[in-house]
Amino acid sequence: MKISEKFRELKRKKEGALIAYICAGDPSPDATKEYVTALVRGGADIIELGLPFSDPTADGPTIQAGIERALDGGMTPDVYFKTVGSLRVHIPLVVMTYYNIIFKRGLEKFVKDCVASGISGIIVPDLPPEESGELAGFCRKHDVDLIFFAAPTTTGERIKRILAEGKGFIYLVARLGVTGARTDVASSTRELIQRVKTTTPKAVGFGISNGEQAAQIISAGADGVIVGSAFVDIIASGKDVPARLEALARELKEGARIS
Amino acid sequence: MKRELKSTKFGKYGGQFVPEVLMPALEELTEQYENYKDDPVFNEELNYYLKDFAGRPSPLYHAKRLSKEYGVKIYLKREDLVHGGAHKLNNTLGQALLARYMRKKRIIAETGAGQHGTACAMAGAAFGIKTEVYMGAKDTVRQRMNVYRMELMGTKVIPVKSGSQTLKDAINEAMRDWVANVETTHYLIGSVVGPHPFPTIVRDFQSVIGKETRTQIMEKEGRFPDSIVACTGGGSNAMGIFHPFIEDDVDLFAVEAGGSGMKVTDKEALHSATLCTGEDGVLHGMRTKVLQNKYGQILESSSIAAGLDYAGVGPELAYLADIGRLKPCNSMDAEALDAFNDLCMLEGIIPALESSHAVAYVKKAAASGDLGDVVVINLSGRGDKDLETVMGMRK
Ligand SMILES: Cc1ncc(COP(=O)(O)O)c(C=O)c1O
């Protein structure tokens, strides 16, 4: 399913989107299939599946640990595309990985592998628009969305450029810093949501962990929330994982529904 | 020079592969550096510190006994005599001063051997800027003395326990800190690596080595050397001495760490010879040569010299290697130790293990005639920090 289609559907229903991140292969490819199913049952609208990279500079300790578990569990890009291709879900799937993984596979091959395995969007935290020309070209050619970030430090001029190049949704970074669960909503988050004026859906990530925050972010004008570390924390605990993933997804989706 | 700053690349290498959060900071840094690099007030202040604080110019020393032993006329550029015991201070004084002009309140850095961290601590203390240094937990053990030195000068050393617990992980952690504190903090990167404009800025501040060498060798020899040899981790001492000679008829040798052999597995390399064996990739904000597996996962590198133990290399060196302007080569751990002994016994100089790799290459290559008649070795640092390692090996 295309990302834009999903956001149109949610708009009709007047709901904010829940975009749920987990790291593929954490702790095993089979577990990932089970966890994705649980997240979808809980109400996730889009699944963002991390493809692990050895040196994840944009991630905090929680997701770093998830990435390490995935790598130890044997996750590679080959296994990744096989695992994703075997998922039976009817919502958009997005890959999140670092540029070297894409670069090493070959940009076009990577994009084609995405298409073949049912992935409709690509997020690369270390690829600003300045460096994205080539990959963006292949994404256009194969109709895959390349998703860009805007941060509290991003100037007005850059926002224009990011909006011009970005597809699918724009990823608003809620606060300066790396990924990791928090419990509050920073004022810089509200300010950023206001500052980015566009018809492209705006999804806010970094630090969201509960339904209350999700509700606040959606009522501040965002179209979706992105939640990762809070799910990865559950996976790390190893206890009752599918049921707890589902429950958290449900809480977050409840929060995002109120707009 | 101006034109070069605007371009973020060296050929296909370099660039700015960083999170969006950092892009405005890189723009600001580029702008401010552009602003100050030819500013007379800034340069007067920097030169004052280089001279009266760092002890520059460093001597160019004719190593007579080593020359006789190796069969080629050898000059040592004595960066080991710079305050702190390595070339690193040239860069940290420049960047810390820049940070002060940019009104940044805090400096963060990564360090491998602890030399760059120590040089940051010195500059931070001298300029009164709060300084925090990330260091791989493994390195905090093998370079214990430098941890103490940093702490004595008021720097907080933060051990990094993620990944391989060495330099690359310290860089990862410093970048994460910078992302969170970019508005108040300058990331004082320690080599010619990272996103643009760092490779250019660090090279420029280190170029004082090559500029002095030009004058000194003319005084002593009445001509330029046939070749210049420098050890290469990230490549800052190498670029510092090479850069002023780029347009001249002088052969440039970048000596990497051959470690204990050229073997690699899916996870690690027994060496750190990135220019020699690495493949194109993107790491720490730059496109460059990288030690990686077939999926693009970065390998853990290895070397007896912590300062060379890095899976990446500066993008300008990758470019110069591609176009044939410099020759990448390497020395093994054992060869470096051997050269370390030579320099101790023949010249009364205890070199850093990093620098010993350059000396070792000269020992190997002199006989072939490839180096010509007159060679300058950039003796990037002194070996006090390595005594425990060396004594351990001798046992
Ligand atoms: C004495 C010495 N030489 C060389 C290096 C390697 O760095 P670079 O290649 O940037 O000069 C280090 C790094 O710590 C060092 O301490």
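Details of the structure are given in the entry above.
Here we summarise the structure given alongside this text. By convention here, each chain's residues receive numbers from 1 onward along its written sequence. For naming, the first written chain is A and the first written ligand is 1, with later ones following in the order written. Per-residue local features are limited, in this predicted model, to residues with pLDDT of at least 70; the limit for side-chain atom pairs, both in listing and counting, is 80 or more; totals at the level of whole chains, interfaces and linings are taken over all residues. Calculation of side-chain values draws on the structure's entire complement of heavy atoms; hydrogens and water are dropped beforehand.

## Here we look at the overall build of chain B
How we decide: For helices the rule is a DSSP run of H or I covering at least 4 residues; for strands it is a run of E covering at least 2, with both sets numbered from the N terminus onward. We take the radius of gyration over the C-alpha atoms and set the globule estimate at 2.2 Å times the residue count to the 0.38 power. To sort residues, take the accessible area from a 1.4 Å probe on protein chains only and compare it with the maximum for the residue type: under 20% means buried, over 50% means exposed, and anything in between is partly exposed. We call two residues contacting when some pair of their heavy atoms lies within 4.5 Å. Only the protein chains shown count as cover for residues, with accessible areas throughout obtained via the Shrake-Rupley method and a probe of 1.4 Å.
Helix and strand content of chain B: 17 helices and 14 strands. Its C-alpha radius of gyration of 19 Å places chain B within 12% of the 21 Å reference for a compact globule of 395 residues. Principal-axis analysis of the C-alpha atoms gives chain B an extent of 55 × 50 × 40 Å. For chain B, with 395 residues in total, the buried portion stands at 67%. Restricting the contact set of chain B to residue pairs at least 6 apart, pairs at least 24 apart contribute 74%. Of the accessible surface of chain B, which amounts to about 13800 Å², a share of 51% is contributed by carbon and sulfur atoms.

## Re the site of the ligand
Residues and elements named next belong to chain B. The cut-off we apply is this: We call a residue near a given molecule or strand whenever any one of its heavy atoms falls within 4 Å of it. Counting of polar contacts relies on pairs of N or O atoms within 3.5 Å, with two restrictions inside protein: one atom must be capable of donating a hydrogen and the other of accepting it, and residues adjacent in sequence are counted only when both atoms are side-chain atoms. Both cavities and pockets are sets of points on a 1 Å grid over the protein atoms alone; in a cavity a 1.4 Å probe fits but cannot get out, in a pocket the set is open with protein on both sides within 12 Å along at least five of seven lines, and lining residues sit with an atom within 4 Å of a point. Just a note on the criterion: a molecule sits in a pocket or cavity if more than half of its atoms are within 2 Å of the grid points. All amino acids are sorted into three groups, where Ala, Val, Leu, Ile, Met, Phe, Trp, Tyr, Cys and Pro are nonpolar, Asp, Glu, Lys and Arg are charged, and the leftover types, Gly among them, are polar.
Within the structure, the ligand sits among 18 residues, and Ser191, Gly233, Gly235, Ser236 and Ser380 are positioned closest to it. Interatomic distance of 3.2 Å between a backbone N/O atom of Gly234 and an oxygen atom of the ligand. When atoms are counted within 2 Å of each cavity's grid points, the one that captures over half of the ligand is the largest cavity. Among the residues forming the shell around the ligand, the class breakdown is four nonpolar, twelve polar and two charged.

## Describing the layout of surface pockets
Operational definition: Grid points are joined across faces, edges and corners, and a volume is the space filled by probe spheres set on the points.
Reported here for the largest pocket is a volume of approximately 550 Å³. In terms of lining, the largest pocket is formed by 26 residues, of which the most central are Ser54(A), Leu71(A), Lys267(B), Gln297(B) and Ile298(B). Broken down by class, the residue content of the lining of the largest pocket amounts to seven nonpolar, ten polar and nine charged.

## Here's the deal with the sheet that holds strand β7 (residues 170-173) of chain A
Residue and element names in this part refer to chain A. For the record, the criterion: Any two strands with at least two DSSP bridges between them are considered paired.
The nine strands lie next to each other as β5-β4-β3-β2-β1-β9-β8-β7-β6, forming an open sheet whose pairing is parallel. Every other strand in the sheet has two partners, leaving β5 (145-147) and β6 (149-150) as the edge strands with one partner each. Across three bridges, the pairing between strand β4 (residues 119-123) and β5 is parallel. Each bridged residue has a counterpart across the sheet, and for Ile122 the counterpart in β5 is Leu146.

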